[in-house]
Protein chains: 2
Amino acid sequence: MTVGDQAPHRRVTIRDVAVAAGVSVATVSKVVNGRDGIAASTSARVMGVVDELGYETSLIASSMRKSRTQVIGVFVAEFEPFAQQLLQGVSYALRDTQYDILAYAGSVSAGDHAGWERRSLSRLGGTLVDGAIIVTPTVNLDETSVPIVAIDPHTGPTGPAVIDTDNFGGARMATEHLISLGHRRVAHLRGRTDLVSAQRREDGFRAAHADAGLAVDDTLIFDGGYRASLATRAIGEMLDRDDRPTAVFAANDMTALEVIRIATERGLRVPEDLSVIGFDDLPAAAGNRPGLTTIRQPLHEMGVSAVRLLLSMLDGGATEHIRMPAELVLRDTTRAPGASA
Amino acid sequence: MTVGDQAPHRRVTIRDVAVAAGVSVATVSKVVNGRDGIAASTSARVMGVVDELGYETSLIASSMRKSRTQVIGVFVAEFEPFAQQLLQGVSYALRDTQYDILAYAGSVSAGDHAGWERRSLSRLGGTLVDGAIIVTPTVNLDETSVPIVAIDPHTGPTGPAVIDTDNFGGARMATEHLISLGHRRVAHLRGRTDLVSAQRREDGFRAAHADAGLAVDDTLIFDGGYRASLATRAIGEMLDRDDRPTAVFAANDMTALEVIRIATERGLRVPEDLSVIGFDDLPAAAGNRPGLTTIRQPLHEMGVSAVRLLLSMLDGGATEHIRMPAELVLRDTTRAPGASA
DNA sequence: CTGTTAGCGCTTTCAC
DNA sequence: GTGAAAGCGCTAACAG
């Protein structure tokens, strides 16, 4: 610990500039913020010192006094592929605006995993960010200090502004696809059952069966919890059954990929022996070999829409609920049953 | 939840808690921060109010007084795939620590694109974040107020702590691969020539030729600037030549993918008529059809290493320069010339 | 044990 | 035009 205890590089503050320019702190502030009522000569001198010293106003300090910071917050539980795709859309949409992006993953520390969205919001909202986009929040967010838009909230479209995907329709489409291929024993690997998105997907799965006049075999429904690690066991059981399903609709891509992994381990070929379809269309779905057939959520567009909506709200616009369409993306992991090579 | 509903949506501050608990602001602060020297009864009462009011300490305000915030900053120019892969590694490595991640893209607003790293650092460093990881900075960062580690700095390994990839070795490997396949007219689509990483890759390209006793045809070297949009024109020229190259080594995946796109547009088949190899191994490389053969930078691992190094520096450890190995990833876009189907 | 007093770096009245 | 003063929400001495 005997390193730089000397505090070698204190950041240059507004006071340093003021002293160097021979003016008051207040004057520097005005110059830097382009307020008028400052002599041109003074302004020029101060700017000179600013450049010379490399002064940058502290976002933190100024955010405590200002109302607008020109920063949009994106709060996520974790930087996983789903959130990242969204973030890319947000980033893209904010490119030509005056806003900076601050993405915060505030549930890193174990323990109170739940409520990360409320916590992040309290810690940064109202001060550091002008508005926030919250990715898959699992609690209701009302009475927030800044405008927020929730993307795919797991509690359903309850908050004021939300962007989500047609989970029910997408799931029905996935299941229909399997059924139309001729599959009659199709399993469903559910998501986190405490989340609406997972429930909607299960509903869609059932609806497709009903539409086709087929009965759902409830023993073919397994819990995958949206995470590969949580799904592994259930997948094993599913594939070890004597009357193994010929196809499976996994509630998201991560668990669908896990199905493929386990199936391959068991010596099963996908799609010859088992058809698999996922949900999300993460980059990993396209990157997998064989390419994962899945239901696409337009993540990028959702990020863009979230920005547009938030910006309009920041401008006094009304909240909205935007539902994006889901789309079937055919790749290589589904085919008719028994159509072995 | 019937507390202070008269107030609009002002965030609840430490003062609100103090008043409600009938103690001083300082006492609340001590309780919340677990300082000792507080009566158990007082502590309990305050905590009760905290829960009831849903108080969360403002990261901003406390960061102005505290030295440690338990937040690591990741500064990027933009949230593009390259940065995102890194971010995932960082996120992964920070999972089980007490640190939160704050990713900041501070060059969104057009204009002063350059110097974003310095700007972000000045605006957030020293106060909001305990340390920072900077992704592909293009300026030298010394005299910073907090420990930083640079990932793949485009100015070369000059800063105190840097993680980078063996650009020279990787480029040589890529070119060797093409040459060993039998290609004799191989083009190089350079990156941003003002950046060392791009220079190293060109050097590697030339070295591979020298090793094989081959001369480099300088007219086969084009500028791609690392961005698809900047490369389009040059690629057109390259492919419209009468003595079109049989293979091309693009300085990164984004431009390699653009080569494939343009080639396909021209009616050329990849790899039958043209072999293409990239650099980076972004998810898009694996996701592309045909899969892009490329040189892999272990982005995830680099993120992890950056965290480890930063954490150790935060703990008084010394700076380091870590060079990661590049690796050839064979997919579907390279094959022997003239081996048409 | 607890409250009072200073600020952190900045912006914003409001005098001069 | 410019500066002095009053905070923003919080923590860190220092008194009581």
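Structural data are supplied above this passage.
Residues numbered from 1 in each chain as written. Chains lettered and ligands numbered in written order. Predicted model: local features only at pLDDT ≥ 70, side-chain atom pairs only at ≥ 80, totals over all residues. Heavy atoms only, no water.

J.: Could you give an account of the environment of G125 of chain B, naming the residues involved and the relevant values?
T.: Residue position: G125 of chain B is located in the loop between α6 (116-124) and β3 (131-135). Placed 79 residues apart in sequence, G125 of chain B and G204 of chain B show a C-alpha to C-alpha distance of 36 Å. Leave out the neighbours within four places in its chain, and G125 of chain B touches R11 of chain A together with S120, S145 and V146 of chain B. (Helix = DSSP H or I, 4+ residues; strand = E, 2+ residues; numbered from the N terminus. Contact = heavy atoms within 4.5 Å.)

J.: Give me the lowdown on unusual backbone geometry, citing residues and values where you can.
T.: In the segment running from R289 of chain A into P290 of chain A, the intervening peptide bond is cis, with an omega of -5 degrees. Mapped onto the elements, P290 of chain A comes out in the loop between α11 (283-287) and β10 (293-296). With a phi angle near 65 degrees, Q70 of chain A is a residue other than glycine that sits in the positive phi range. One non-glycine residue, D280 of chain B, lies in the positive phi region at around 130 degrees. Summarising the element assignment, D280 of chain B is placed in strand β9 (residues 275-280).

J.: Can you tell me about the pairing of strand β5 (residues 162-165) of chain A, naming the residues and giving the values?
T.: Residues and elements named next belong to chain A. Of the two faces of β5, both are covered, the one formed by V162 and D164 as well as the one formed by I163 and T165. Note: strand β4 (residues 148-151) against β5, two bridges, orientation parallel. In the sheet register, I151 faces β5, and the bridge partner there is I163. Across four bridges, the pairing between β5 and strand β11 (residues 321-324) is parallel. Bridge pairing in β11 links V162 to H321. (Buried < 20%, exposed > 50% of the residue type's maximum accessible area, 1.4 Å probe, protein only. Pairing = 2+ DSSP bridges.)

J.: A description of the protein's contact with DNA strand D should follow, citing residues and the corresponding values.
T.: Residues in contact with DNA strand D amount to 27 residues; listed here are only the nearest, T27, K30, T42 and R65 of chain A together with I14 of chain B. Considering DNA strand D, the proportion of its atoms within 4 Å of the protein that are sugar or phosphate atoms stands at 61%. A distance of 2.3 Å is found between a phosphate oxygen of DNA strand D and a backbone nitrogen or oxygen belonging to I14 of chain B. Taking S29 of chain B, its side chain carries an N or O atom lying 2.8 Å from a phosphate oxygen of DNA strand D. Mapped by element, the contributors of at least two residues to the surface near DNA strand D are α2 (25-32) of chain A together with α2 (25-32) and α4 (59-65) of chain B. By residue class, the composition of the surface near DNA strand D is 11 nonpolar, 10 polar and six charged. (Near = heavy atom within 4 Å. Polar contact = N/O pair within 3.5 Å; in protein donor to acceptor, adjacent residues only side chain to side chain. Nonpolar A, V, L, I, M, F, W, Y, C, P; charged D, E, K, R; others polar.)

J.: Which residues make up the side chain of T334 of chain A, and what are the values?
T.: All names here are of chain A. Tracing the backbone shows T334 in the segment after β12 (327-329). Within the structure, T334 has its side chain in polar contact with the side chain of H177 (distance 2.9 Å). Dropping the residues within four chain positions of it, T334 is found in contact with H177, L178, L181, P271, S275, V276, I277 and T293.

J.: Kindly report on the protein's contact with DNA strand C, identifying the contributing residues and their values.
T.: The immediate surroundings of DNA strand C are formed by 26 residues, with I14 and Y55 of chain A together with T27, T42 and R65 of chain B found nearest. Each atom of DNA strand C within 4 Å of the protein belongs either to a base or to sugar and phosphate, the latter forming 62%. Separating a phosphate oxygen of DNA strand C from a backbone N or O atom of S58 of chain A is a distance of 3.3 Å. The separation between a base nitrogen of DNA strand C and a polar main-chain atom of A61 of chain A is 3.3 Å.

J.: Any details on the packing of aromatic side chains? Residues and values, ideally.
T.: Enumeration over the complete set of coordinates arrives at four aromatic pairs over all chains. Plain terms: the ring middles of F205 of chain A and F249 of chain A are 6.5 Å apart, the flat faces sit at 25 degrees to each other, and that makes the pair stacked. Here F205 of chain A, found in helix α8 (residues 196-211), pairs with F249 of chain A, found in strand β8 (residues 247-250); they are 44 residues apart in sequence, far enough to count as distant. Relative to Y104 of chain B, the ring of F75 of chain B has its centre 6.5 Å away and its plane inclined at 75 degrees; by these criteria the two rings are edge-to-face. Of this pair, F75 of chain B sits in strand β1 (residues 71-76) while Y104 of chain B is found in strand β2 (residues 100-105), placing the two residues 29 residues apart along the sequence. For F75 of chain B, a relative accessible area of 0% corresponds to the buried category. Among the residues examined, Y104 of chain B registers a relative accessible area of 1% and is labelled buried. We note R201 of chain A situated over the ring of F279 of chain A; from NZ or CZ to the ring centre the distance is 3.9 Å. (Phe/Tyr/Trp six-rings, centres within 6.5 Å; stacked < 30°, edge-to-face > 60°. Lys NZ or Arg CZ within 6 Å of the ring centre and 35° of its normal.)

J.: Explain the interface of chain A and chain B to me, and be specific about the residues and the numbers.
T.: Contact residues are listed per partner, giving 54 residues for chain A and 55 residues for chain B. Taken together, the links from chain A to chain B amount to six salt bridges. Counting the contacts that link chain A with chain B gives 22 residue pairs in polar contact (both at pLDDT 80 or more). Of all elements in the fold, only α4 (59-63), α5 (81-94), β2 (100-105), α6 (116-124) and α11 of chain A reach the threshold of two or more residues within the side of chain A that touches chain B. Across the side of chain A that touches chain B, the residue classes break down as 23 nonpolar, 20 polar and 11 charged. Of the strand pairs in this sheet, β2 of chain A and β2 of chain B are connected by five bridges, and their pairing is antiparallel. Each bridged residue has a counterpart across the sheet, and for Y104 of chain A the counterpart in β2 of chain B is L102 of chain B. (Salt bridge = Lys/Arg side-chain N within 4 Å of Asp/Glu carboxyl O.)

J.: Lay out the pattern of salt bridges in plain terms, naming residues and giving numbers.
T.: All told, the structure shown has 48 salt bridges over all chains when counted by the stated rule. Its salt-bridge partner being R119 of chain B, residue D100 of chain A comes within 3.5 Å of it at the nearest N-O pair. Of the two residues, D100 of chain A is situated in strand β2 and R119 of chain B in helix α6; the pairing between them involves two chains. Taking relative accessible area as the criterion, D100 of chain A reaches 2% and is therefore assigned buried. R119 of chain B sits in the buried class, given a relative accessible area of 16%. Linking D217 of chain A and R185 of chain A is a salt bridge whose minimum nitrogen-to-oxygen distance equals 3.8 Å. Here the residue D217 of chain A occupies a position in the loop between α8 and β7 (221-223), and R185 of chain A occupies one in the loop between α7 (167-180) and β6 (186-190), the gap between them amounting to 32 residues. Three or more residues joined by partner-sharing salt bridges are found here, namely R190, E202, R206, D218 and D223 of chain A.

J.: Could you give me a rundown of the sheet that holds β1 of chain B, with the residues and numbers involved?
T.: Strand order across the open sheet formed by 12 strands is β11(A)-β5(A)-β4(A)-β3(A)-β1(A)-β2(A)-β2(B)-β1(B)-β3(B)-β4(B)-β5(B)-β11(B), with mixed pairing between neighbours. Each having just a single partner strand, β11 of chain A together with β11 (321-324) of chain B make up the two edges of the open sheet. Across the sheet, the mean angle from the axis of one strand to that of its neighbour is 15 degrees, orientation sign disregarded. (Axes fitted to C-alpha atoms, helices over the stretch in contact; angles between N-to-C directions.)

J.: Now, about the sheet that holds strand β6 (residues 186-190) of chain B: what can you tell me, with residues and values included?
T.: Hydrogen bonding along the main chain pairs the strands of a sheet, whether they run parallel or antiparallel. Residues and elements named next belong to chain B. One open sheet holds the six strands; their spatial order is β7-β6-β8-β9-β10-β12, and the pairing between them is mixed. Every interior strand has two partners, whereas the edge strands, β7 (221-223) and β12 (327-329), have only one. Between one strand axis and the next, the sheet turns by 20 degrees as a mean value, whatever way the strands run. Against the sheet, helix α10 (residues 253-265) makes contact with β6, β8 (247-250), β9 and β10 (293-296), and its axis sits at roughly 160 degrees relative to β9, the strand it touches most.

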